[in-house]
Amino acid sequence: MVAEGVIFNIQRYSLDDGPGIRTIVFLKGCPLKCLWCANPEGQKHTPEVAHRDSLCNKCMRCVQVCPMKAISVDAEGIRINRDLCSVCGECAKVCNREALGIYGKSMTVEEVFEEVIKDVDFYKKSNGGVTASGGEPLFQSEFTAALFKKCLEAGIGTVLETSGYAEEDNLKKVLSYTDLVLYDLKCADPKLHIQLTGVSNNLILKNLSIASNLVPLIIRVPVIPNCNDSQQEVEAMAQIIIQNGIDKVELMPYHRFGMGKYKMLDRNYFLEELERPSDGLLQKVKEIFESYGLACKIVA
Amino acid sequence: MTVLVPVKGFEQKNWAKIIAELKSINMLTPRVQKRWKEWENAPLYLCPESSLSFTKSWKQTEGLPLTLRWAKAVAAILDETPLRIWDGELIVGSPTKYLRGCDVIAAMFPKRLLKSLEEGVIDNKVSERATALITDEDRKLLEEDARYWADKLPPDYANDLRREILGEEIFDLMMDRAQVLEGIPLRAHREEELGIFGPMWGLGGVFYYRWEKLMEHGLLGVIEKAEAEIKRVEEEGAGVATISREACERYILAKSMIVACKAIIRYAGRYAALARNMAANEGNPVRKRELEKIAEICDWVPANQPRNFWEALQFIHFMRLVGFKENPYCRDTSLGRIDQVLYPYYEKDLKEGRFTLNELAELLALFWIKTRTFDSFDPERRDVRHAPGTLLPNVTIGGADEKGNDVTNEVSCLILEVMRQLRLSEPAVYVRFHKNMSDEFLIYALECNRDYGGGNPAFLNDELGTKRYLERGVPPKDAVDWIASGCLGYHLVSCIHATGTYNLNLCKIFEITLNNGFDPRTGKQLGLKTGEVSKFTSVEQLIDAFLKQVDYFAEKLRMVYFVDRIAFLTSPRHVHSPLANTLTHFDYTLPKGEPLGEGAAPYPDGIMVWFGDRGTTDIADSIAAIKYLVFDQKKITMQQLLEAIRANWEGCEDIRQMCLNVPKYGNDDPYVDDIHTYIWEKTQEILQKRPDPFTGRKNFTFKGAATGHIVHGRVVGALPNGRLAYTPINDGASSAMPGMDRNAPTATIKSATKVSYSRLTGGPLNMKFSRSLVNTREKLEKLAAMVKTFFDRGGWHIQFNILNPEELIAAKKNPEKYKHLIVRVGGYSAYFVDLPPSVQDEIIARTLHGM
């Protein structure tokens, strides 16, 4: 019996993460802490309380109901003392305005599958299916493998979106039920990788050579201005890609859509001043990859 | 039932090549731009000429049979109406003497017209209120004409008979009171709308010209047929002692048709003469040749069968123009399947080198603008209107023939390309999608939808549209020949749908149910006593009570229709169906001596009324909220909820928020979708329970849209779905409450396809997409797959608005900068800046999928 997974979102009609119309299952928990992360709610493995101050009408019910006395409300909005909060969820239950909510929910494989199967007609028409993303889906590899197995048995295609940062066994376990991998390559230089993501890329590069031999694979490069967009970095990434016999790259332009979520979780966002890369920059990066004979697409 | 089997080996066109070629054509040639700009910048003027000609003729023909009188009045209008050929035009025929103008005929609604003149809806200068301008001189003429007719109003036959048979209390249910019953005929006070032709034919009917039949014969051919009919009657008269009443009707109808046809030919001839005259004085040799060509064409059509694409377009334009001259209030005239009509001309002209593709494209673009220049006077003040007046000139393209073969052609693509590049709010285009349609064409249509920006074209389920008529016994050849009409209706080319729609206001009925049959707005016990809902112990009890009330009011609705129809058929005829339409169906009307809609239709559906309802989504969400909060979770009592909605949520905002945060329709959630499906099916069962009293058949049911949801909402208090009192109810019975379809478009589609569309028309699914969901070819392919899944699951009508919210908010603030921004409201497109703030807000509130 596979343990339950912790899921923070299931998103239908997703068009950018694999072929056809897809449902993305976002699994909670990630060993990386990328500076630009647009899904900060996916980083911690356990559920978290989030507050949306614009929806709060200061009814104070949450303050009254909280058993840990962790909530206060002031002019700015809702304050949560995260040291005290036990994530019991009582506050969200009494909030009629959805100003408080919980990111992350324990679900069984069957429960997630029930959501995924809902769009099966659309998958069939479009050659789509399910995509596991996160967070880092390999962080919950037992669960991801079990979900993918069940999907394949039902004729639903599977795509894994991963940072590649996982134990080799865990990776292989999931890959045996995976049709296509979208494999992140954030930068080539190991030191820079630590600065940008908090971890070294040794394990990631090792796993890349394993994965690319087992399953069709597309590389995804987040294009973060002033972080990983230098000519030297891009060329080094291109080298790695061709060395692994991979021929497709997708560029993921940096965006700030995740910024609001940092505030909801009382976290700091370090790239507030950064703007989306210009079309010129994206084109330049694309051309470098293409000069290495790679098919390169900008995901927009 | 005939099963449609596609014929193997039916020639597949090279769509990619056709589309690429058409896309490379610039439709916005200098000539097209000039015509468009001149029209767009011109103010709308109201003109008295038709009205004066009509009155003059009517005074001279007092003793003649009505049909003949009508034909002579039409002839007078056409003989006297001012002509204009505007600079650079190739398709000619101006509705009025202005660049932008509309006719009125005072005899039709004299009191309403006088009121509009008094209220400043028609004025000599631009104002907040003014819908149209008029010169002081024309105003004087029109006022005088309207006063003449205001003294000659006929009795209110329908209401007098309603009072006699159904009693005074039936009026409590009508539109200007409780409004349980809704529809154009369903007003308790109709004085303003009475004229010598009454409201019956003025609005709400849906007309269509059978182009192929009419073009094949030309008006000279129709005259020949009518003359033969006259001869037949005369011979009958000579051969027998007595002649039947029916033969006399035939005789008069044939005579009248000849009068009308000859007048139309004279009218075209006047244009030929004008063009020739202008050519003689034209210095520019190129334009001179064009004017000479125009003269030649106007001499030929519509008297004869068109010989090429240009003549075919001129033929169609003349006939539609004549229809508007005959009845300027007649808004719902579909253009129909013009891709089918025009294709033979298009193919032949290209093959024989008569025109280049660019020339054909320019002609169609000019025709498109010409169609947009028809205006109908809207008597509502501009600042309180629901939506700008639309004439609903719907174009239908694509579809399958009776063998299942795809009939989409190059002209279907050309129409889409003209629509995309010109971005006029009308005509609306409907694509009849079926499984043998090429993917390339579907993707192209979606791309045009995206670039056009406002849900145009919409997509209809071809197979279902045909199947409904096959099941009603219409032979395959005619069953496949149907068009989109009115707002969200559809009908056979061989019939007209002429009786309008009678609707139930489900939200009002639900409110009455919550009050044990009592209507809080009128303070009267209008419904049955189905019990105090606060004493109910299950949601099933509430649903039963609601359906009992629906059944009770459905019977009232049917009786009102029954009495109306009797009044129509038995009262002295002051009303006549427009002759221009009658003569295009000459092969049905001539042999019977009856105009269409009064019996002369090849199939019973041609004269059948549609029974409709609005508000299914509101009811489903309201019942779900009660089930969840009162019975399942027991968060509040029914009494608390009733008090909250009676107070319009004042002081009860928390309860309202609870009601908003329960499961909502449109999210693929069986908790509420099951209720929606149950209410959907049951209400239709009730509406179809008793056969149509005049055809003995089951009526089509109808779930309308356009702006009816605003009209319905105005009389209904707060509802348990969280809606505020007197605000619009949800539009389109399968669209979700704005902002409440939070899950995904696929979820909304699944919710919308759990119900059956087999016996109804309407019920469109309006979806709104941000541009980021459709900005690449790959995403359009995925959208195409979604559309196909919608139809596979039995969906009927789907349309997309593709916009971003910043654009809309900016447009609301700075309308002058966003003059061309188009949105689709219900069944038709409109310029966003023309919409009132309440509708703008509703559009903004619609969930932005994928943002």
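Rules behind the numbers
Residues numbered from 1 in each chain as written. Chains lettered and ligands numbered in written order. Predicted model: local features only at pLDDT ≥ 70, side-chain atom pairs only at ≥ 80, totals over all residues. Heavy atoms only, no water. Helix = DSSP H or I, 4+ residues; strand = E, 2+ residues; numbered from the N terminus. Buried < 20%, exposed > 50% of the residue type's maximum accessible area, 1.4 Å probe, protein only. Contact = heavy atoms within 4.5 Å. Areas by Shrake-Rupley, 256 points an atom, 1.4 Å probe, with all protein chains shown as cover. Rg over C-alpha atoms; globule rule 2.2 N^0.38 Å. Lys, Arg positive; Asp, Glu negative; His and termini not counted. Charge placed at Lys NZ, Arg CZ, Asp CG, Glu CD. Disulfide = S-S within 2.5 Å. Buried area = accessible area lost by both parts, 1.4 Å probe. Salt bridge = Lys/Arg side-chain N within 4 Å of Asp/Glu carboxyl O. Polar contact = N/O pair within 3.5 Å; in protein donor to acceptor, adjacent residues only side chain to side chain. Nonpolar A, V, L, I, M, F, W, Y, C, P; charged D, E, K, R; others polar. pLDDT = per-residue confidence, 0-100. Pairing = 2+ DSSP bridges. Axes fitted to C-alpha atoms, helices over the stretch in contact; angles between N-to-C directions. Expected span 1.5 Å × (residues − 1).

K.L.:
Please clarify how the overall build of chain B should be interpreted in this entry.
P.N.:
Counting its regular elements, chain B contains 30 helices and 22 strands. The 851 residues of chain B split such that 65% are buried. In chain B, once contacts between residues fewer than 6 apart in sequence are set aside, the share between residues at least 24 apart is 77%. On chain B, roughly 29100 Å² of surface is accessible, and the fraction owed to carbon and sulfur atoms is 51%.

K.L.:
What's the story with the overall build of chain A in this structure? I'm lost.
P.N.:
Regarding its fold elements, chain A presents 11 helices and 13 strands. The C-alpha atoms of chain A give a radius of gyration of 20 Å, which matches the 19 Å a tight globule of 300 residues would have. Dimensions of chain A, computed from the C-alpha atoms along their principal axes, are close to 60 × 45 × 35 Å. Relative to its full complement of 300 residues, chain A shows a buried share of 53%. A total accessible area of about 13400 Å² is found for chain A, and carbon and sulfur atoms account for 51% of it. One way to put it: in chain A the 34 positive side-chain charges average out to a point 4 Å from where the 39 negative ones average out.

K.L.:
How should I be thinking about the state of the cysteines in this particular structure?
P.N.:
By definition, a disulfide links the sulfur atoms of two cysteines through a covalent bond. Per the counting criterion, the structure on display carries zero disulfides over all chains. Among the cysteines around A:C91, which has no disulfide bond, A:C88 carries the closest sulfur, lying 6.3 Å off. Cysteine B:C102 shares no disulfide, and the gap to the nearest cysteine sulfur, in B:C47, comes to 7.0 Å.

K.L.:
Looking at this model, I keep getting lost on the interface of chain A and chain B. Mind explaining?
P.N.:
When the parts of a complex come together, some accessible area is lost, and that lost area is often taken as the interface size. Every contact between the two is made by 22 residues of chain A and, on the other side, 29 residues of chain B. Across the chain A to chain B interface the summed buried area is about 2200 Å²; carbon plus sulfur atoms make up 50%. Where B:D792 meets A:K125, a salt bridge forms, and the shortest distance between an N and an O atom there is 2.6 Å. Remark: the boundary between chain A and chain B carries 11 residue pairs in polar contact (both at pLDDT 80 or more). Going through the elements one at a time, β1 (5–14) and α4 (120–126) of chain A are the ones with two or more residues in the side of chain A that touches chain B. Here the element with the most residues in the side of chain A that touches chain B is α4(A); it accounts for four residues. Here the side of chain A that touches chain B is built from residues that sort into six nonpolar, five polar and 11 charged.

K.L.:
Sorry if this is basic, but what is going on with the confidence of the model for chain B here?
P.N.:
Low pLDDT marks stretches whose predicted atomic positions should not be read closely. All names here are of chain B. For chain B, the average pLDDT comes to 86, and 87% of its residues sit at 70 or higher. The model gives residues 1–9 a pLDDT under 50, and that stretch makes 14 contacts with residues more than four places away or in other chains. Scoring the predicted complex yields pTM 0.92 and, for the interface, ipTM 0.94.

K.L.:
Could you clarify how one ought to interpret the sheet that holds strand β17 (residues 701–703) of chain B in this entry?
P.N.:
The pairing of strands in a sheet comes from backbone hydrogen bonds and takes either a parallel or an antiparallel form. All names here are of chain B. Pairing is mixed in the open sheet, where five strands are placed in the order β5-β13-β16-β17-β18. Single-partner strands in this sheet number two, and they are β5 (181–182) and β18 (760–762). Alignment of β5 against strand β13 (residues 501–505), held across two bridges, turns out to be antiparallel. Bridge assignment links E182 to a residue of β13, and that residue is N503. Seen against the sheet, helix α19 (residues 539–570) touches β5, β13 and β16 (610–614) and runs at an angle of roughly 155 degrees to β13. Against the sheet, helix α25 (residues 670–688) makes contact with β13, β16, β17 and β18, and its axis sits at roughly 135 degrees relative to β17, the strand it touches most.

K.L.:
When you look at unusual backbone geometry in this model, what are you seeing that I'm missing?
P.N.:
Residues apart from glycine generally show negative phi values, whereas peptide bonds are mostly found in trans. Backbone torsion omega between A:G134 and A:G135 reads 15 degrees, so that peptide bond is classified as cis. With respect to the helices, strands and loops of the structure, A:G135 is situated in the loop between β8 (129–134) and α5 (141–153). Cis rather than trans, the peptide bond between B:V301 and B:P302 has omega equal to 5 degrees. Inspection of the secondary structure assignment puts B:P302 in the loop between α10 (285–300) and α11 (309–326). Its identity is not glycine, yet A:K69 carries a phi of approximately 55 degrees, on the positive side.

K.L.:
How should I be thinking about α5(A) in this particular structure?
P.N.:
What sets the pattern is the α-helix's 3.6 residues per turn: residues three or four places apart point alike. Residue and element names in this part refer to chain A. With 13 residues, α5 should cover 18 Å at 1.5 Å per step; its first-to-last C-alpha distance of 18 Å lies within 8% of that length. Of all the residues in α5, the buried ones are S141, F143, T144, A145, A146, L147, F148 and C151. A positive phi of about 80 degrees marks G155, the residue just after α5.

K.L.:
How do you make sense of the sheet that holds strand β9 (residues 429–433) of chain B when you look at a structure like this?
P.N.:
Residues and elements named next belong to chain B. A sheet is described by the order of its strands in space; here five strands give the open sequence β8-β9-β10-β20-β19, paired in mixed fashion. Two strands in the sheet have a free side with no partner beyond their single neighbour: β8 (395–398) and β19 (765–769). Between one strand axis and the next, the sheet turns by 25 degrees as a mean value, whatever way the strands run. Pairing between β19 and strand β20 (residues 797–802): five bridges, direction parallel. Note that in β20 the partner of M767 across the bridge is F800. Sitting on the sheet, helix α14 (residues 410–422) touches β8 and β9, and the angle it makes with β8 is about 130 degrees.

K.L.:
Just to check I follow, could you spell out the side chain of B:D613 for this structure?
P.N.:
All names here are of chain B. Counting through the fold element by element, D613 comes out in strand β16. At a separation of 2.6 Å, a polar atom in the side chain of D613 contacts the side chain of K703. Those residues in contact with D613, other than ones at most four positions away along the chain, are N503, L504, L506, T683, L687, F702, K703 and G704.

K.L.:
For this particular structure, what's the right way to read the pairing of strand β3 (residues 48–51) of chain A?
P.N.:
Looking along a regular strand, one sees the side chains alternate between the two faces of the sheet. All names here are of chain A. Side chains E48 and A50 project from β3 onto one buried face, and the interleaved V49 and H51 project onto a second face that is buried too. Inspection of the sheet shows β3 paired to strand β6 (residues 100–103) by four bridges, in the antiparallel sense. Bridge pairing in β6 places A50 opposite G101.

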